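Report on the structure
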Amino acid sequence: MAARISRSLPQVNRRVFAGLSSHAIPRIANTSARTGLVAHRNTRNLTPRSGATLAKISRYLHTDSDSSVKPNASILDVTTYEGSSITQKHWMNQDSPVVDALIEPQAVLHFIEFITYGILPNGKKTDLALLNEDEFPLFMAPSSEWAPAPFNKATVSIVEKAMQQTTDREDLKGLCRIGQNIQFLKSRLWGGLAPVPASRWHEKDLNNPDHFTIAHEYLTSVIAVFEYLNIPQIRTNMCDTFNGISGDLGEMQEALNTRRKAQGGLSPEINLTALWEQFIRAQYEVMTSTAHSWVLARVAELREQVLDGFSTIPGENPDAPEMAVVSQRWSDLISVVTMADFNIWLSMDGYNGYHPPSEIIAGLHNPDLENQGKNYGFSKLIVDRLTECIEAQKEAATVQGPSANRSDAARRERISISTVVQDELREKIRGRTPSPQPPVQPWIQKLLRAHEASLSLQPWERQNYGFGLAIYRATHMFSDEQWESLKRDLEAHLSAWSDDVQGADELKPLLKLHWFDCKELGFETFNPVTSARRHFQEIRSSDEWTHKIAPSVFLLIDNMGMGSYIDEKSRASFTKDKGFLKGDFQGHVLAVDADFDDSATANKIADDTANEDSQGEVFEYPGRMRILGNLVWSELYPMLMLQSVVLQNFWLQAREHPTKVYTGPTVPSQVEPWKERNTMKTVMMDSFVEFLKQKDPTLAGKVKGLRKDGVI
């Protein structure tokens, strides 16, 4: 045991997490560098393990036939939940139910990182005692191998026990069946990512009055997530899961403290249950503050757009049809803000170690929230303020003339009273408004810490570490000069993501693409994805690449992807369609699932379960997905690195897109025109394929494959 524990942290970590790499990780001499890089490497190397966990969760969808599930166990199903009037559309569009881990399994892994270096998800540093360097590997080994009696009975590690609480409890209370549309957004918020970054919001032209319905649904989709998390049984199950993990950590805590005393060291006692409570509290703070501040920021922009529409309606014509539209939109935004103020909460009452404060904590604690809702007083305050405003404007009119209170400024002032009132009431509901500057997103914090740690290494060691993605060139229809120009444009698009993200400018130069040429590597030209996957699986765990590239996904540029960057007419043809957002049709690359089984057996199973028409083919996950270039680093990379989702979760958001491209989270009114277009295309292409089957069956098969890939 002593020999095993004395090994370097990277070596121990690799052993514990199922031998995810076939090569030994070299010893890192510098302690601080070692700690930071181990924390980062845990996140990178655990992706296969997390993928297996997510696959296990997916299998729970079929619990009726799964003999491993206890007979009396059942997963709570909320797909029939109706939601509120403004969120009902999201609840009615759960066409792809998935199984969600209420407290996500990766939270356990991130907690272990936290107690190693002490930085909470909100960027603050804990003042509680942390792990000693030699204690890190103990979390990865059963207590029977290291703990003093009577704490040496467990045959599985504390990490495994804690993760089992989230997915493997016999009563399955840690899981819930929910639509992927709601679960996907919940996972983003769990990772600290905004629902739609401000730059993407503007790129998609969502402040355009023509797209108000879609913009409104993006806002209400966030509220739907917190409606889900605040369903009474969901809240209870989340609390029980947290407390179960807390209990396991309590046992680990006793064993560690007894060991510390036996060693005669001067280390203070460690309080793992308090650290766990502090960690989840900070996690919930990030989720609620990210969601709430984002909703308010987007509503503020939409209000300006609505006010501009209001200004175009002559004051002497209050009954104009346009006034009804503007009034309804203003009312919709008032409802969104009210729902955000009252719904975006994650209460921790009942969580082990949580002590409710006396003051209101935005998003986390308001002991009188229900009564606040009953006594909101919004309508009365609006009437009172409006009366005061009108009287003041009348007095001004006696000096400036009758037209003063009919001016655009005066009208804006009257209609904007609702905004002023909501801002005033918010402090009673949510307490003191947090700083408008959001914390650095957790994934950026992690990478910057790892980079800082690497600076303490020797130069020859430092070059072995980095943050990157492998990318394969599978198109050779251009000259070398044309390719280099196109490559520069593509890389610039992939880098165009940091306008509104704190800390991104510091991180962006560290994110690297590592190019491989399929032709130079001798790949089969008719199936470059399979050849590239085989090559990637060989190199990803090598000494040269294991710490430089994400292990679960790589990128590939094929003819369709390259065409998306040079064929402006094709992109324009989509954005001319009514209801399509221009930001959803840009240059894209192919993201490939590195562990997808595309063998003949796997393909036969897929073919047997898919319908013959293209609609059936669309819904069969092909192990790859197209993604807008400027979402690679800002969404794909962080969500895979945080292990929030696997590539298939992204694909579920992309499958209805006319060219099967991931453009970010979707909402019903955005997807509806996509589906209409796909339906028309299906009818036409089905007839064409039937015709080809008679004339040229081989060509018909090729067309079928192109349809499946979204090429036609």
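Residues numbered from 1 in each chain as written. Predicted model: local features only at pLDDT ≥ 70, side-chain atom pairs only at ≥ 80, totals over all residues. Heavy atoms only, no water.

1. Notes on the sheet that holds strand E9 (residues 661-662)
The strand order across the open sheet built from 6 strands is E5-E4-E6-E7-E8-E9, with neighbouring strands paired in mixed fashion. Looking along the sheet, the strands with just one partner apiece sit at the ends: strand E5 (511-517) and E9. Here strand E8 (residues 624-628) pairs with E9 via 2 bridges, running parallel. Bridging from a neighbouring strand, Arg 626 pairs with Val 661 of E9. Set on the sheet, helix H27 (residues 632-641) makes contact with strand E4 (467-473), E5, strand E6 (553-557), strand E7 (588-593), E8 and E9; between it and E4 the angle comes to about 115°. (Pairing = 2+ DSSP bridges. Helix = DSSP H or I, 4+ residues; strand = E, 2+ residues; numbered from the N terminus. Contact = heavy atoms within 4.5 Å. Axes fitted to C-alpha atoms, helices over the stretch in contact; angles between N-to-C directions.)

2. Here's the deal with the sheet that holds strand E3 (residues 175-179)
Strand order in this open sheet of 3 strands is E1-E3-E2, and the pairing throughout is mixed. Pairing within the sheet leaves two strands with one partner each, and these edge strands are strand E1 (76-77) and strand E2 (97-101). Taken together, the 5 bridges between E2 and E3 define a ladder with antiparallel strand orientation. In the strand pairing of E3, Val 98 is matched with Ile 178.

3. What to know about the packing of helix H20 (residues 480-494) against helix H23 (residues 559-566)
Contact pair H20 / H23: the axes reach a minimum separation of 10 Å and the direction vectors enclose 80°. Classified by the interaxial angle, the pair formed by H20 and H23 is roughly perpendicular. Across the interface between the two elements, Trp 483, Leu 486, Leu 490, His 493 and Leu 494 of H20 pack against Met 562, Tyr 565 and Ile 566 of H23. Considering only residue class, the contact of H20 with H23 consists of 7 nonpolar, 1 polar and no charged. (Parallel < 35°, antiparallel > 145°, perpendicular 65-115°, else oblique. Nonpolar A, V, L, I, M, F, W, Y, C, P; charged D, E, K, R; others polar.)

4. Describing unusual backbone geometry
Most of the time, phi is negative for any residue but glycine, and the peptide bond is trans. In the segment running from Ala 149 into Pro 150, the intervening peptide bond is cis, with an omega of 5°. With respect to the helices and strands, Pro 150 occurs in the loop between helix H6 (106-117) and helix H7 (158-167). The phi dihedral of Leu 172 falls on the positive side, at around 60°, and the residue is not glycine. Relative to the helices and strands, Leu 172 resides in the loop between H7 and E3. In this model, Lys 660 sits at a positive phi of 60°, which is unusual for a non-glycine residue. Structurally, the position occupied by Lys 660 is in the loop between helix H28 (647-654) and E9. Residue class for Lys 660 comes out buried when judged on its relative accessible area of 10%. (Buried < 20%, exposed > 50% of the residue type's maximum accessible area, 1.4 Å probe, protein only.)

5. Section: the packing of aromatic side chains
Taken as a whole and judged by the stated rule, the model has 29 aromatic pairs. Here the aromatic rings of Trp 201 and Trp 294 are separated by 5.7 Å at their centres, their planes lie at 85°, and the arrangement is edge-to-face. Of the two residues, Trp 201 sits in helix H9 (residues 198-203) while Trp 294 sits in helix H12 (residues 272-311), which places them 93 residues apart along the sequence. For Trp 294, a relative accessible area of 5% gives the class buried. Here a set of aromatic residues connected by ring pairs shows up, and it is made of Phe 111, Phe 114, Trp 190, Phe 242, Trp 276, Phe 279, Tyr 284 and Tyr 351. (Phe/Tyr/Trp six-rings, centres within 6.5 Å; stacked < 30°, edge-to-face > 60°.)

As far as function goes, none of this settles anything; it's purely spatial.
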